[in-house]
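Observations on the three-dimensional arrangement
One letter stands for each residue in the lines below.
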Amino acid sequence: MSATLGGYIAHRLASINCHSIFSVPGDFNLTLLDHLVSHPSLSLIGCCNELNAGYAADGHARAKGVGACVVTFTVGGLSVINAIAGAYSENLPVICIVGGPNSNDYGTNRIIHHTIGETDFGQELRCFQNVTCHQAVINNLDDAHEQIDTAISTALKESRPVYISISCNLPALPHPTFAREPVPFFLAPRYAFIESVSNQRSLEAAVEETLEVLHKAVKPVLVGGPKLRVGKAQKAFVELADACGYPVAIMPSAKGQVPEQHPNFIGTYWGAVSTSFVCEIVESADVYVFVGPIFNDYSSVGYSLLVKTEKAIIVKPNRVNIGHGPSFGCVLMADYLTLLAKRIKKNTTAMENYRRIYIPPGRLLKCGQGEALKVNVLFKHIQDMLTKDNAIIAETGDSWFNCQKLRLPEGCGYEFQMQYGSIGWAVGATLGYAQGAKDKRVIACIGDGSFQVTAQDISTMIRNGQNTIIFLINNGGYTIEVEIHDGPYNVIKNWNYTGLVEAIHNGEGSCWTAKVKTEDDLVAAIATATGERKDSLCFIEVIVHKDDTSIELLEWGSRVSAANSRPPNPQ
């Protein structure tokens, strides 16, 4: 290990299994980038812009448990901050490193470039304070190792992004604290899976109170939420599902966290746009156990869920709330679910009710010869492609709803950004996820409007030899916005998307494109992408009618529109 600050940072990133670092060079971070490039275990992935570098770090954190990006001061930092805010909202540990001004310039009256022209260098730091769980400004070497270790360990413990600013003149400098091999990280995470972290008396009381409620219930249900990830409780959730016999549903942003092959899995609970028959089973239950839920205006379909607090047991990463009654703190999600699974009595009443009312979906009809391709037919074929060796990335928009209906094979990954919902997220996230999960072939479903925001980093995918399949759904605009509130601003300029990607490809690397308008075109394109071009980045532009949307988006859009347009409360 190089006994310099830059070498120390590189070693620390490698030690936490963060081997791909997404960056955009700038004069304040160049020396640091030299040290990252020279570390044998790290790959420096140059991105086309800072926003995509941040999105890529988000995607890498989803695949590998942690992500990192390196940008330059202020012009880079304030560009990447939108992606960091999204990672914060999704509880993802992303280490955002910014190359800062020369340490000699702090505390002077100098005005430097890449700032807003003030002598105060703290504007970037103050912006990041609201979207990171810890901030470190390193402008001297004496405590640099401690600040770096504290920031990285806090990101892992809190499962949130952190901000580290490093003066541009420090990375190449040695210091005695960098001369020896650092002590490996050993963390007692706030949301931990390590035994004996929960308060045992509180844990016992929470489980006993829960059992008293559940054993009186006639038809309880179990619903998984997105905080299963931060609670490291996916395995414990399955243990409870096996033991209780209840129907098992997921909230939309928990898709991919719960195995859909479980015999009691019934689908997605999303209010009026739930999987068929799931809403009826969940909302008619006399007790519902929500594990790691987030109830926002999107997941609640404009606050229209018929869920009553008094009938809900809410399991948070470190707390359990039971109806309007007691709340138990210092109880970690995984510990609670595991102990509950050992003591719960099986109750299959609600599952039996579901099987009585359930009607298997009919097979979707094929498009007629030469008929324009329909979106539901597209997703029928995507469903047929899926194996354990794939991962789905769903961009904000109608792909949320269409991908939600896909039945995931065991081991198939799935990611989307529901809480923050930033259009354009999927391009960078696909880059980062594919870089972190090289054992999977990523399938990304991206709308044309979203693609126009972040299209450039298709270039980085090609440059790094990724073999992702991207379905670019071209319907001429921001369809999700149309269904909330239509206007001429939702219509975009149509691009020749395959022509754009071919221009980016420019004969360097392995890339293949296709433009499809019919089902026969689609079948042929998928055959090529999964056959002779299986090692290439495959970009398939799918032309569909602008009004060809899922029924779920139509319902969801009208309810979100109603929630958005509520008049002010009387004063």
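Residues numbered from 1 in each chain as written. Predicted model: local features only at pLDDT ≥ 70, side-chain atom pairs only at ≥ 80, totals over all residues. Heavy atoms only, no water.

**Some points on the nonpolar core**
- Residues Phe379, Phe451, Ile458, Phe471, Ile540 and Trp556 are the most contacted members of the largest nonpolar core, which totals 100 residues.
- Ignoring anything within four residues of it in the chain, the contact list for isoleucine 540 reads Ile469, Ile470, Phe471, Leu472, Trp512, Ala514, Val516, Ala525 and Ala529.
- Val207, Leu211, Ala217 and Leu337 belong to the second-largest nonpolar core, a separate cluster that totals 37 residues. (Core = buried A, V, L, I, M, F, W, Y, C linked by side-chain atoms within 4.5 Å. Buried < 20%, exposed > 50% of the residue type's maximum accessible area, 1.4 Å probe, protein only. Contact = heavy atoms within 4.5 Å.)

**A few points about the sheet that holds strand 15 (residues 413-416)**
- Spatial ordering of the open sheet is given by 15-14-16-17-19-18, a layout of six strands whose pairing is parallel. Across the chains shown, the open sheet's two edge strands, defined by having one partner strand only, are strand 15 and strand 18 (511-516). Averaged over neighbouring strand pairs, the angle between their axes works out to 15 degrees when direction is ignored.
- In this sheet, strand 16 (residues 441-447) lies alongside strand 14 (residues 390-394) in parallel orientation, the contact comprising five bridges. (Pairing = 2+ DSSP bridges. Helix = DSSP H or I, 4+ residues; strand = E, 2+ residues; numbered from the N terminus. Axes fitted to C-alpha atoms, helices over the stretch in contact; angles between N-to-C directions.)

**Points about the packing of helix 1 (residues 5-15) against helix 2 (residues 30-38)**
- Where helix 1 contacts helix 2, the axes come no closer than 8 Å and their chain directions differ by 50 degrees. Judged by the angle between their axes, helix 1 and helix 2 are oblique. Pair helix 1 / helix 2 crosses with right-handed handedness. Across the interface between the two elements, Gly6, Gly7, Ile9, Ala10 and Leu13 of helix 1 pack against Leu32, His35 and Leu36 of helix 2.
- Split by residue class, the contact of helix 1 with helix 2 holds five nonpolar, three polar and no charged. (Parallel < 35°, antiparallel > 145°, perpendicular 65-115°, else oblique. Left-handed = near helix turned anticlockwise from the far one by under 90°. Nonpolar A, V, L, I, M, F, W, Y, C, P; charged D, E, K, R; others polar.)

**Thoughts on the state of the cysteines**
- Summed over the entire model, instances satisfying the criterion amount to zero disulfides.
- No disulfide involves cysteine 48; its sulfur sits 7.2 Å from that of cysteine 47, the nearest cysteine.
- On the basis of relative accessible area, cysteine 48 is assigned to the partly exposed category, the value being 40%.
- In this structure cysteine 511 is a free cysteine whose sulfur lies 7.7 Å from that of cysteine 538, the closest cysteine sulfur available. (Disulfide = S-S within 2.5 Å.)

**Let's talk about helix 19 (residues 519-530)**
- End to end, helix 19 covers 16 Å across twelve residues, agreeing with the expected 16 Å (1.5 Å per residue, within 8%).
- Every buried residue belonging to helix 19 is among Glu519, Leu522, Ala525, Ile526, Thr528 and Ala529, and all of these are buried.
- Elements in contact with the buried residues of helix 19: helix 12 (375-385), strand 16, strand 17 (469-474), strand 18 and strand 19 (537-543). (Expected span 1.5 Å × (residues − 1).)

**Re the sheet that holds strand 2 (residues 43-46)**
- Strand order in the open sheet formed by six strands is 2-1-3-4-6-5, and the pairing between neighbours is parallel. Only two strands of the sheet have a single neighbouring strand rather than two, namely strand 2 and strand 5 (135-138). Taken over all neighbouring pairs, the strand axes of this sheet differ in orientation by 20 degrees on average, direction set aside.
- Here strand 4 (residues 94-100) runs beside strand 6 (residues 162-167); their pairing, made up of six bridges, is parallel. Along strand 6, the bridge assignment pairs valine 98 with serine 165.
- Across the face of the sheet, helix 3 (residues 50-64) comes into contact with strand 1 (20-23), strand 3 (67-72) and strand 4 while running at roughly 165 degrees to strand 3.

**Observations concerning the packing of helix 3 against helix 4 (residues 77-89)**
- Where helix 3 meets helix 4, the axes come as close as 6 Å, and the angle between the chain directions of the two elements is 20 degrees. On the basis of the axis angle, helix 3 is roughly parallel to helix 4. As helix 3 packs across helix 4, the resulting crossing turns out to be right-handed. Residues Glu50, Leu51, Gly54, Tyr55 and Asp58 of helix 3 form the contact with helix 4, whose participating residues are Ser79, Val80, Asn82, Ala83, Gly86 and Ala87.
- Broken down by class, the residue content of the contact of helix 3 with helix 4 amounts to five nonpolar, four polar and two charged.

**What to know about the pairing of strand 19**
- In terms of burial, strand 19 is largely enclosed, as six of its seven residues are buried.
- Relative to strand 19, strand 17 runs parallel, the two being bridged by six bridges. Looking across to strand 19, one finds that phenylalanine 471 is bridged to isoleucine 540.
- Note: strand 18 against strand 19, six bridges, orientation parallel. Bridge assignment links cysteine 511 to a residue of strand 19, and that residue is leucine 537.
- Once the chain exits strand 18 it traverses helix 19 before rejoining the sheet at strand 19, and the crossover so formed is right-handed. (Right-handed = clockwise from strand over helix to strand, strands pointing away.)

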